[in-house]
Amino acid sequence: VGSLKEADVKGKRVFVRVDLNVPLDDHFHITDDTRIRAALPTINYLIQNGARVILASHLGRPKGVTPKYSLKPLVPRLSELLGLEVKMANDSVGPEVEKLVAELPEGGVLLLENVRFYKEEEKNDPEFAKKLASLADLYVNDAFGTAHRAHASTEGVAKVLKPAVAGFLMQKELDYLVGAVSNPQKPFAAIVGGSKVSSKIGVIESLLEKVDMLLLGGGMIFTFYKAQGYAVGSSLVEEDKLDLATSLMEKAKTKGVSLLLPTDVVIADKFAADANSKIVPASEIPDGWMGLDIGPDAIKSFGSALDTTKTIIWNGPMGVFEFDKFAAGTEAIADKLAELSGKGVTTIIGGGDSVAAVEKVGLAEKMSHISTGGGASLELLEGKQLPGVLALDDA
Ligand code: 3PG
């Protein structure tokens, strides 16, 4: 069996690893249910095809059984979205869970308690994986956001419970983040932002092999500026990455990739929402000032460059978009991508902060694909293989 659609699920107990690691506030209210909604196509398909659905997930990073990391607060929302009453287990393995599974009717859904309440989960303990596997007849991994972790419920169980196939969300993430990125419609542009070069080295190096154009924004640009001898004031600079920045710029040149750095920046007199701000050319940041966003000229030239493309991947914000004063660059990129999506350009938002930015401005629906994975999408963009994917039958 290669895919979920080919698997015979009628009446079968299906163990579905989902990533329901959603943010909760102090009152255990879900503040963003994107990951729950993203898991629905697979769960609904299984319900409609008469499977007995066992959902497993982690939440947070608990050390042992920690009530505040229980998955119970998710049950009402999940039930509402699925239009049926989801049953909750107090554990993820053991006799009580086995009993609940045995009682599960066709089309019924059982949510197991946080698998990370067992240290064996993160250790990828084979005995624990076997216990999870013993609950079901087949395995579906739809937890893209956790596919970079070789844990018992993401990797270990796939080795012992067959068939082991990808869910629809997993498939869609791979189609975009691997398929579209390795086989893009050209011209292909990558926009990479974020505060540190050090956390994006792998992504930049890997994308330089594939793109026609690389646009850089966010805090990391000041390391590139300093490497070129610009005055950067008190902007964030990784002194130990100056040589690396130089070599990345040279690599781009050798590869014929046009590397665009913002020509102007918005600077601030302190790192705060109410800082004084002004716009200056990128090479002229005065002492005591720090760059917190890309400037209007940069927005314009990035926009014109992107107008010529057919595929765009975006990872990392252009500035400190949490502060309204320094959100314009990130929002302008989100607007531009939404506009180009409407014109048939493939737009992929690869995880983490850039996803939060696109959601903040309400443009998520406009993009071709918004990834539900932070670390997982970064690793894929770095060209790495994900253990949760490799363990599946059709890897
Ligand atoms: C995430 O939120 O990135 C995933 O759910 C993985 O969580 P983890 O980083 O705690 O493994």
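Residues numbered from 1 in each chain as written. Predicted model: local features only at pLDDT ≥ 70, side-chain atom pairs only at ≥ 80, totals over all residues.

**As for helix α8 (residues 201-208)**
Note the cut-off: For the exposure call, what matters is how many other C-beta atoms sit within 10 Å of a residue's own: 20 or more marks it buried, 12 or fewer exposed, and in between partly exposed, using C-beta atoms placed from the backbone. Numbering goes from the N terminus for both helices and strands, where a helix is a DSSP run of H or I of at least four residues and a strand is a run of E of at least two. The arc in question is the one traced by the directions running from the helix axis out to the C-beta atoms. We call two residues in contact when their backbone-placed C-beta atoms lie within 7 Å.
Those residues of α8 not exposed but buried are Val203, Ile204 and Leu207. One face of α8 carries all of its buried residues, which in axial projection span an arc of 95°. Among the structural elements, β7 (188-192), β8 (213-216), α10 (242-255), β15 (311-315) and α14 (375-381) are those in contact with the buried residues of α8.

**Some remarks on the pairing of strand β5 (residues 138-141)**
Definition in use: Being paired, for any two strands, means DSSP has found at least two bridges between them.
Side chains Leu138 and Val140 of β5 all project onto a buried face; the interleaved residues Tyr139 and Asn141 project onto the opposite face, where all are buried too. In the sheet, strand β1 (residues 13-17) pairs with β5 via four bridges, with the strands oriented parallel. Each residue of the ladder has a partner; that of Phe15, found in β5, is Tyr139. Here three bridges tie β5 to strand β6 (residues 164-166), and the two strands are oriented parallel to one another.

**Re the UniProt feature "binding site: substrate" (unreviewed entry) in the chain**
For clarity, the cut-off: UniProt positions are given in the numbering used here, feature names are shortened, and annotations may be inferred rather than shown by experiment.
Sites flagged by UniProt as "binding site: substrate" (unreviewed entry) map to Asp19, Leu20, Asn21, His58, Leu59, Gly60 and Arg61. The greatest C-alpha distance among the annotated residues, which extend across 43 residues, is 13.0 Å, indicating that they converge on a single site. Positionally, Asp19 belongs in the loop between β1 and α1 (34-48). Asp19 sits in the buried class, given 27 other C-beta atoms within 10 Å. Setting aside residues up to four positions removed in sequence, Asp19 forms contacts with Arg35, Ser57, Ala143, Phe144, Gly145, Thr146 and Thr372. With respect to the secondary-structure elements, His58 resides in the loop between β2 (52-56) and α2 (75-82). According to the C-beta neighbour criterion, His58 is buried, with 27 such atoms within 10 Å. Not counting residues up to four positions away in its chain, the partners in contact with His58 are Asn21, Asn114, Val115, Arg116 and Thr146.

**A look at the site of the ligand**
Short version of the rule: Throughout this description, a residue near a molecule or strand is one whose C-beta atom, derived from the backbone, lies within 6 Å of it. By the convention adopted, Pro, Cys, Tyr, Trp, Phe, Met, Ile, Leu, Val and Ala count as nonpolar, Lys, Arg, Asp and Glu as charged, and the other residues, Gly among them, as polar.
The environment of the ligand is made up of Asp19, Asn21, Arg61, Gly145, Thr146, Arg149, Gly374 and Gly375. Tallied by class, the residues present in the shell around the ligand amount to no nonpolar, five polar and three charged.

**Observations concerning the UniProt feature "binding site: (2R)-3-phosphoglycerate" (unreviewed entry) in the chain**
In the numbering used here, UniProt assigns the feature "binding site: (2R)-3-phosphoglycerate" (unreviewed entry) to Arg35, Arg116 and Arg149. Examined against the element boundaries, Arg116 turns out to sit in the loop between β4 (109-111) and α4 (119-123). Owing to 25 C-beta atoms within 10 Å, Arg116 belongs among the buried residues under this scheme. If we ignore the near neighbours within four places in the chain, the residues touching Arg116 are His58, Arg61, Pro62, Glu121 and Glu122. Along the polypeptide, Arg149 turns up in the loop between β5 and α6 (152-160).

**Considering the packing of helix α5 (residues 126-133) against α6**
Applicable threshold: Between the N-to-C directions of two axes lies an angle of 0 to 180 degrees, each axis being a line fitted to C-alpha atoms and, for a helix, fitted only over the stretch in contact. Here the angle decides the label: under 35 degrees means roughly parallel, over 145 means roughly antiparallel, 65 to 115 means roughly perpendicular, and every other value means oblique.
Contact pair α5 / α6: the axes reach a minimum separation of 8 Å and the direction vectors enclose 75°. As far as their axial angle goes, α6 and α5 are roughly perpendicular. Listed contacts from α6 to Pro126, Phe128, Ala129, Lys130, Leu132 and Ala133 of α5 are Ala152, Ser153, Gly156, Val157 and Val160. Considered class by class, the residues forming the contact of α5 with α6 number eight nonpolar, two polar and one charged.

**Describing the sheet that holds β7**
Strands sit in the order β10-β8-β7-β15-β16-β17 across an open sheet of six strands; the sheet is parallel. Taken across any chain shown, the strands that pair with only one partner, and hence form the sheet edges, are β10 (258-260) and β17 (369-370). Relative to β8, β7 is paired through four bridges, and the arrangement is parallel. Note that in β8 the partner of Ala190 across the bridge is Leu214. Packing against the sheet, α8 makes contact with β7, β8 and β15, and its axis sits at approximately 170° to β7.

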